[in-house]
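Per-entry structural report
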Amino acid sequence: MAASRSAEQTHLAQDMEGEDVGTDERDMDSEEGEEEAMAEENSDEEADSSEDEKENEAEIQRLEEQLSINAFDYNCHVDLIKLLKQEGELIRLRKARQKMSELFPLTEEIWLVWLKDEIRLTEEESNREKVYELFERAVKDYICPDIWLEYAQYSIGGMALPGGIDKVRSVFERALTAVGLHVTKGHMVWEAYREFENVILTTVQPPPGKIPSHHEQELLNAQLQRIHTLFRRQLAVPLMVMEATFAEYEEWADGVPETVPHQYKKALQLMEKCKALEEALSVAEPPKLAEYQAYIDYELNEGDPARIQMIFERALAENCLVPDMWAKYTSYLDRQLKIKDLVLSAHDRAVRNCPWTMGLWKGYILALERHCADHQTVLDVFEKALNAGFIQATDYVEIWQAYLDYLRRRVDFSKESSKELEELRSSFTRSLDYMKQDVEERFGESGDPSCIIMQIWARIEALHCKNMQKARELWDNIMTKGNAKYANMWLEYYNLERSYGDTVHCRKALHRAVQCTSDYPEHVCEVLLTFERVEGSLEDWDVAVQKTETKLNRINEQRAKVAVKEANSARQEEERGQQRRKTKFEKKPQKKIQKGEKRKAEQDNYAGGWNDDLEQGSKRHKGNGGRMSEELMETETGHFGKTAPPGFKPVKRGTKMDGSVAQEENQPELRNDNCSIFISNLAYTLEEPETKLRTLFDSCGPIKQIRPVFSNKGGFKGYGYVQFESSISVPEALKLDRKEVEGRPMFVSPCVDKSKNPDFKVFKYNTSIEKHKIFISGLPFSCTKEQLAEICKHHGSLKEVRLVTYRSGKPKGLAYVEFANESQAAQAVLKLDGMEVEGNKISVAISNPPRRSAADKPSSSRLSTDAMPRQFHGSRGKGRTQLSLIPRSLHRQSGSESKVENGTSAPSVAATNSASDTKPLSNADFAKMLLNK
């Protein structure tokens, strides 16, 4: 038993030992598994990180390549800087920021992030001068209190260095000059300055109980005086929280000097005047242009130059891309302050913010000349202007004129030859080449069709250089560019010869003018004859008379031929119109003519209840004659009886039961077109149009009658007539043309019988470019007028926002937005084009309605519209979207469409026409058809 127990114990020990070993092994396996999992996870993270780094590096390279192609891509710069900062590429990040700052003024946020990064880096490099240089560049871009505070705070960190305290005070004083008058943020700079001086005060105060030495007492008094002065200076400026500052001064000084309360109350009164303007700014949404303009007008009336400059700078910090604001600011500085550094700095910032605005570059060149800048500086600015990318060809002409004027004023013409004169001539030559090679290729036009630059050059050569030979060469060039047909160009040349040339060339110029002029030949003929009366011989007179008579006879013959050709064209057009009408009439099916005759006969007796002509079912309808008559009398106002026949035409109001027509005000003989107006382009969905029109035109004068036009089904057709008691009311009513009625512009025009006046033009559509208005396409159909106004108002003051709709009121996805001026519209195009609105990418361009072709005009030949299918173009081409508001009554139907009458659909008409073997319906059949329904 003992042996067996021993054996059991041995086996149990072995089993326990095996279990322990197994447990250890399992624990070891578990730990190894966790380590392997962690290693795999770390490996995956490293792989993901490596993959992200590769993707970021590829994106960085792509952005750098894109900037090498177009260095002025602002968003590309921002994205590149963001990626480089994320990757920690410090050297490349510095270069990217540096390159962007050279091309664009950086915003306050971008500068603060850059400055803080550089401050952290210089803590290791111990090179504070680089950061100081960066701060100097930052404070030149915009007048921002936060940047100045950061600058002062950084300079305080170096106060322990030699001259450090003086450096800090210098920065604070400059900050007070720049932003100390900032009503809402200026007090922060003042308080920071005082806190710094209080810290200095604690260092010069002797310990308690110690009597200061004479030197120590002088330092203490000087420091106390500095703080007193800061309090007094701040309390003399209208700033926010002025009351708290005054209370702090009273507590700190244990008594305020007598002069301080007087200055404080005066500043407080100014602050009270500004409060309303500041509150308007605080509640307004960006860009706050109207609020800032009101503030600027107020400060201009007050007349304090420093405060005027401050409010301009505040406005520009929030609206740096508004050229008009820069133009007003630089104009004020040019005319009022005239401080060189301030003026030139403002002009430089203006063109860097709005480089596409030619007027700002022109003002910059004039300012440089006005303040005697060196020639190389002016040349550099001019070259930058040429590369700025103006949006019009004429802008390049104007900037060249400004530069050439500057060069002309540099020349001393008393010398026969000089470096400045040669540069002027070479610049004239370069300007002509530039117009031909660069401007014409880009815009498809010269921008200078009258050759103004060459005319100026010719006058300079004639007046200052006494070089008539060169002037004549230039004028020959001018005439070869299509100007020889204009009388005024020849007279300009003639006047130049009269002033600086000789009689021979004057006579030659006038003879050429008589030969070439086509616009006003009588005028140049008269000038030639007058010239010969004064200076010519009898032989010269005879030659002049012969030439003028020959010219005028030829002109009269040409005009007669043109008149005959126009008359023939008009007659042929009329004949073609008559032929078309005749052909159309002859093509009408005989069955339709018969049906029309029957419908007419039925309509004559319909008011009596269809009693005599119906062969079957007449008794069923005799008792409803009165009710039917009432239903039919309502059709003109849009209510249709349920039992009206398909071929029914409405009976005029006032129709008696016996078929006779009572005298009523809407009969043709009672209508007076001289007292009437035609209304169109109203929505089909307009409810109670007669009441609506009466409300709209009631203020114009007494109304005799209103005649809205309805379809056979009773729906409003979107147009009608308003007749007044007197013709005096018509001009007042015409003033309501294009007034918006339920989202659509209402067209108001004189009421003219087109059959008697076929050439009368009812509507005139604008076909010239509208630089203050933008056209938007691709909008989602759900976009409302308010949403669009919210999108556009950040780019300028809105005058009108109009969504284009169909006559049924459904949106087309198009809109016109009118801004206060051209520059705001141009800025809106740059910012909004390509923007996504509710998932739709919109297209934005300056409004440039296409010229209406002959095929689009109501008076154009029907042949052209029938032969040519309607062309549909893109959003800014000859698209119908820009002419979508033409009333349908002015459009001609295409030849492929059958005219549908009385609500009959086109296919059914076609089917009827094709069924030539169908027996014509009788009155009885017609009645059966109705009664079965």
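Residues numbered from 1 in each chain as written. Predicted model: local features only at pLDDT ≥ 70, side-chain atom pairs only at ≥ 80, totals over all residues. Heavy atoms only, no water.

1. What to know about the sheet that holds strand β2 (residues 703-710)
Neighbouring strands of a sheet are bound in pairs by backbone hydrogen bonds; such pairs are parallel or else antiparallel. Across the sheet, five strands lie side by side as β2-β3-β1-β5-β4; this open sheet has antiparallel pairing. In the strand order of this sheet, the two ends are held by β2 and β4 (739-741), each with one partner. Geometrically, the sheet is characterised by an average inter-axis angle of 30 degrees between neighbouring strands, direction not taken into account. Where β4 and strand β5 (residues 744-750) come together, three bridges link them in antiparallel fashion. By the bridge assignment, Glu740 is partnered in β5 with Pro745. (Pairing = 2+ DSSP bridges. Helix = DSSP H or I, 4+ residues; strand = E, 2+ residues; numbered from the N terminus. Axes fitted to C-alpha atoms, helices over the stretch in contact; angles between N-to-C directions.)

2. Structural notes on the confidence of the model for the chain
Residue-level pLDDT values for the chain average 79, and 75% of them are 70 or greater. For the chain, the element scoring lowest by mean pLDDT is helix α28 (residues 625-633), at 36; helix α16 (residues 358-370) scores highest, at 97. Ignoring residues within four places in sequence, the model shows residues 1-26, a span with pLDDT below 50, making zero contacts including any to other chains. A low-confidence stretch, residues 605-666 stays under pLDDT 50, and its non-local contacts, those more than four residues away or across chains, total 97 contacts. (pLDDT = per-residue confidence, 0-100. Contact = heavy atoms within 4.5 Å.)

3. So, helix α8 (residues 186-204)
Taking 1.5 Å of rise per residue, the 19 residues of α8 would be expected to cover 27 Å, and the 28 Å separating its terminal C-alpha atoms lies within 8% of that figure. Among the residues of α8, those classed as buried are Gly186, His187, Val189, Trp190, Tyr193, Arg194, Phe196, Glu197, Ile200 and Leu201. Buried-residue contacts for α8 involve α6 (145-156), α7 (164-179), α9 (214-235) and α10 (242-253). (Expected span 1.5 Å × (residues − 1). Buried < 20%, exposed > 50% of the residue type's maximum accessible area, 1.4 Å probe, protein only.)

4. Thoughts on the pattern of salt bridges
In the structure shown here, the tally under the stated rule is 44 salt bridges. Taking the shortest distance from any N to any O, the salt bridge between Glu136 and Arg174 comes out at 2.7 Å. In this pair, Glu136 sits in helix α5 (residues 128-141) while Arg174 sits in helix α7, placing the two residues 38 residues apart along the sequence. A relative accessible area of 21% places Glu136 in the partly exposed class. The partly exposed category is assigned to Arg174, whose relative accessible area is 33%. We note a salt bridge from Glu369 to Arg409, for which the minimum N-O separation is 2.7 Å. With Glu369 in helix α16 and Arg409 in helix α18 (residues 393-410), this residue pair connects regions lying 40 residues apart in the sequence. Judged by relative accessible area, which is 23%, Glu369 ranks as partly exposed. Residue Arg409 is classed as partly exposed on the basis of its relative accessible area, which comes to 41%. (Salt bridge = Lys/Arg side-chain N within 4 Å of Asp/Glu carboxyl O.)

5. Some words on the pairing of strand β1 (residues 676-680)
Burial analysis of β1 places five of its five residues in the buried class, the great majority of the element. On β1, burial covers both faces: Ser676, Phe678 and Ser680 on one face and Ile677 and Ile679 on the other are all buried. As judged from the four bridges shared by β1 and strand β3 (residues 716-724), these two strands associate in the antiparallel manner. The residue bridging Ser676 from the neighbouring strand is Gln723, located in β3. Pairing analysis gives four bridges linking β1 to β5, with the strands arranged antiparallel.

6. Considerations on the nonpolar core
Within the largest apolar cluster, 154 residues are counted, with the highest numbers of intra-cluster contacts made by Ile399 and Trp400. Excluding residues within four positions of it along the chain, Ile399 makes contact with Met358, Trp361, Lys362, Ile365, Phe382, Ala385, Leu386 and Phe390. (Core = buried A, V, L, I, M, F, W, Y, C linked by side-chain atoms within 4.5 Å.)

7. Let's talk about empty space enclosed by the protein
Leftover empty space is mapped by rolling, across the atoms, a probe with the size of a water molecule. Counted according to the given criterion, the structure contains six cavities of 30 Å³ or more. By volume, the second largest cavity amounts to about 90 Å³. Counting only elements with at least two residues in the lining of the second largest cavity, the list comes to α12 (289-302) and α13 (305-318). With four residues, α13 is the single largest residue contributor to the lining of the second largest cavity. Residue classes in the lining of the second largest cavity are distributed as seven nonpolar, no polar and three charged. (1 Å grid on protein atoms, 1.4 Å probe; cavity = no way out; pocket = protein on both sides within 12 Å on 5 of 7 lines; lining within 4 Å. Points joined across faces, edges and corners; volume = space filled by probe spheres on them. Nonpolar A, V, L, I, M, F, W, Y, C, P; charged D, E, K, R; others polar.)

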